[in-house]
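Spelled out from the first residue to the last, the chains are:
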Amino acid sequence: MEKKTNFTQKEIKPINGMGMLILITLGILAAIAMIVVGCINLGAVGIAMIIAGGLGTIIFPLLYAGLRVVGPNEALVLTLFGNYHGTILKQGFYFVNPFSTYTNPTYTKEIAAAKAEAETQAKNGKFSLGSIKVSAKKTVSLKDNTLNNGVQKVNDVMGNPIIIGAVVIWKVVNPTNAVFNVEDYAEFLSIQTDSTIRNIARMYPYDSLNTEDHEHANEKTLRGSSQEIADNMKAELNNKVAFAGLEIEEVRITHLSYAEEIAAAMLRRQQAEAVISARAKIVDGAVSMVKMAIDKLGEEEVVFLDEERKAAMVSNLMVVLCSDKDTQPIVNSGSIY
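Residues numbered from 1 in each chain as written. Predicted model: local features only at pLDDT ≥ 70, side-chain atom pairs only at ≥ 80, totals over all residues. Heavy atoms only, no water.

An unreviewed UniProt entry annotates the chain as SPFH domain-containing protein of Anaerotruncus colihominis.

Here it is in structure tokens:
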């Protein structure tokens, strides 16, 4: 497999665009003036002035194509005759080689999509191709962007189908690599995000199978360790998209649930675990209270009970303390013997 090579970003410092705009306009006016003067004073000099003025009216307007505007937090990647020319990283109004062309796959994609949609609607007689409007820019945005790929169904480490979704905060840090190393850096990031979420999610269980199991008490789960798992997603995603000149600033899990086909069964399992855990605590507390009552009666010599009476007392107290409903006591007014 051929090793990938990053482009070395070259920042160019072009000429101030406002000064060149004035010079080009003055050049066009001077060329027109030469043509007028040459027509008035015909002769060798006049003909030369007409030719020079005619060339000026052709050449100077072409220089307007070299004017470029770069906004805040934007970059303009330029190519010249098929070769990488340089990148403008600072905002401003500039003049560059008029034969240099901008390169932005997002802009090109938006143009193609808009034209295809316009052609389809034009065939239906809705509007003409002249009404196409594209909001994308020729420059590459360096601002923070948000990617929300929605949700997807994956299997956790236990093989349970779950629904998971994440939002990614990203930005372009190397516009040259973003333009030349991948076909479409936005689509590239989207695909890599799906792959990363799937790879990370299948390494962890959705939830711990037994919350009372101390052996697995520190086990990471998708539900209980979402921040740590999101950090792992961020690290892996950064490794995958660094080649495209992108940087991942934050990954957040926005949706997490069992798939619809097993959600009801998992809910019953969680309810059963909660009931068992509650019952266990109730029994532990009841045993402790019964033991304390028997010990107190014996220590203070309130009453002396043989083993059979102690067993009956324990049984009655356990029923009272562990019952779901309030018990109705029966008072014995006679002798206990």
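A.B. asks: Before we go on, may I ask you to explain the environment of Arg223 in this structure?
C.D. replies: Its location among the elements puts Arg223 in the loop between helix H5 (185-201) and helix H6 (226-241). The residues contacting Arg223, other than those within four sequence positions of it, are Tyr206, Asp207 and Leu256. (Helix = DSSP H or I, 4+ residues; strand = E, 2+ residues; numbered from the N terminus. Contact = heavy atoms within 4.5 Å.)

A.B. asks: Which parts of the structure should I look at to understand unusual backbone geometry?
C.D. replies: With the exception of glycine, most residues fall at negative phi, and the peptide bonds are largely trans. We note that Asn73 has phi near 55 degrees; this positive angle belongs to a residue other than glycine. In this structure, Asn73 sits in the loop between strand S2 (67-70) and strand S3 (74-80). Not every positive phi belongs to a glycine, and Phe81 is a case in point at roughly 55 degrees. For Phe81, the location among the structural elements is in the loop between S3 and strand S4 (83-88). For Phe81, a relative accessible area of 66% translates into the label exposed. (Buried < 20%, exposed > 50% of the residue type's maximum accessible area, 1.4 Å probe, protein only.)

A.B. asks: Is there a simple way to explain the sheet that holds strand S1 (residues 15-16) in this structure?
C.D. replies: Two pairing modes exist for strands in a sheet, parallel and antiparallel, and in both the strands are linked by backbone hydrogen bonds. Strand order in the open sheet made by the three strands is S1-S5-S2, with antiparallel pairing throughout. In this open sheet, the two strands that pair with only one neighbour each are S1 and S2. Bridge analysis of S2 against strand S5 (residues 92-95) gives four bridges, and the strand direction is antiparallel. Note that in S5 the partner of Leu67 across the bridge is Phe95. On the sheet, helix H1 (residues 17-40) packs against S1, S2 and S5 and is oriented at approximately 50 degrees with respect to S5. (Pairing = 2+ DSSP bridges. Axes fitted to C-alpha atoms, helices over the stretch in contact; angles between N-to-C directions.)

A.B. asks: I would appreciate a short explanation of the UniProt feature "transmembrane region" (unreviewed entry) in the chain in the present structure.
C.D. replies: Here the UniProt feature "transmembrane region" (unreviewed entry) sits at residues 20-38 and 44-64. End C-alpha atoms of residues 44-64 are separated by 31 Å, and the span's content is 95% helix alongside 0% strand. (UniProt positions renumbered as here; feature names shortened; annotations may be inferred.)

A.B. asks: I keep staring at the packing of aromatic side chains and nothing clicks. Help me out?
C.D. replies: One pair of aromatic rings is described through two measures. These are the centre distance and the angle between the planes. Taken as a whole and judged by the stated rule, the model has three aromatic pairs. Aromatic pair Tyr84 and Phe180: ring centres 5.5 Å apart, planes at 75 degrees, arrangement edge-to-face. Here the residue Tyr84 occupies a position in strand S4, and Phe180 occupies one in helix H4 (residues 175-180), the gap between them amounting to 96 residues. (Phe/Tyr/Trp six-rings, centres within 6.5 Å; stacked < 30°, edge-to-face > 60°.)

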